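One letter stands for each residue in the lines below.
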Amino acid sequence: MADRVRILASLANQRAELEARYRSFDDETLDTPCTSSEDPDGSAWSPRDHLAHLLRIEAAFVAMAKATVAGDDEPVKIPGSSWEERLQAVHRANEEHVEGLRGRSVDELLAELTSTRDVTLDALDELTDEQLDLPIPGAPWGDGSIGSVLWTIAHHERQHLLWVDEGLDALALGEE
């Protein structure tokens, strides 16, 4: 997977699309609940919540990559003994993260995403092609290699944009 040029292009292209889309939303749309939370105790997510969520995941993926290079045998820090328990823990942590960032402006969230992206790009710059091919133990994203997991950041942004658009379209059509 270690095609550094492809990873960088995907990250840049998807970020440009994400920023353009979010800057096109008015304040009412940004705060319109449009998707269900995957945490059973969570509240519906607005487009702004999806944007806040992206911060957490990008930082987590980069941390996993760095931990792998540093020799950590368990860089995917998700508690639980079964996949179901681990997934529940991820959904709960996602909900807590989003709740903690509610009220932030899109400009603030995009600025934080830019800072996070700078860390991602610095990490990519420091990684050798051989390191990009290293497997991240326990990583279910892409082929599990560092390069694939970092490439998945762009896919993750694209997926959330799709969910936001589908949710907003359903609301507009009265399909709630």
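Residues numbered from 1 in each chain as written. Predicted model: local features only at pLDDT ≥ 70, side-chain atom pairs only at ≥ 80, totals over all residues. Heavy atoms only, no water.

## Focus on a negative patch on the surface
Together, Asp118, Asp122, Asp125 and Glu126 give the surface a local cluster of negative charge. For Glu126, the location among the structural elements is in helix 5 (residues 106-126). (Patch = residues over 30% accessible without salt bridge, like charges linked within 9 Å, V, L, I, M, F, W, Y side chains within 5 Å. Areas by Shrake-Rupley, 256 points an atom, 1.4 Å probe, with all protein chains shown as cover. Salt bridge = Lys/Arg side-chain N within 4 Å of Asp/Glu carboxyl O. Lys, Arg positive; Asp, Glu negative; His and termini not counted. Charge placed at Lys NZ, Arg CZ, Asp CG, Glu CD. Helix = DSSP H or I, 4+ residues; strand = E, 2+ residues; numbered from the N terminus.)

## Points about the environment of Asp125
Within the secondary structure, Asp125 is located in helix 5. For Asp125, a relative accessible area of 67% translates into the label exposed. For the pair Asp125 and Arg4, spaced 121 residues apart in the sequence, the C-alpha separation amounts to 9.1 Å. (Buried < 20%, exposed > 50% of the residue type's maximum accessible area, 1.4 Å probe, protein only.)

## Looking at the side chain of His53
With respect to the element layout, His53 can be found in helix 3 (residues 47-69). A distance of 3.1 Å separates the side chain of His53 from the side chain of His156, its partner in a polar contact. His53 has contacts with Trp45, Asn94, His97, Val98, His156 and His160, leaving out every residue within four places of it along the chain. (Polar contact = N/O pair within 3.5 Å; in protein donor to acceptor, adjacent residues only side chain to side chain. Contact = heavy atoms within 4.5 Å.)

## A few points about the layout of surface pockets
To locate leftover empty space, one rolls a probe as large as a water molecule over the atoms. In this structure, the largest pocket occupies an estimated 800 Å³ of space. Around the largest pocket, the lining comprises 35 residues; the ones closest to its centre are His53, Ile57, Val90, Asn94 and Trp141. Of the residues forming the lining of the largest pocket, the biggest block, 9 residues, is contributed by helix 3. Taken together, the residues of the lining of the largest pocket break down into 18 nonpolar, 12 polar and 5 charged. (1 Å grid on protein atoms, 1.4 Å probe; cavity = no way out; pocket = protein on both sides within 12 Å on 5 of 7 lines; lining within 4 Å. Points joined across faces, edges and corners; volume = space filled by probe spheres on them. Nonpolar A, V, L, I, M, F, W, Y, C, P; charged D, E, K, R; others polar.)

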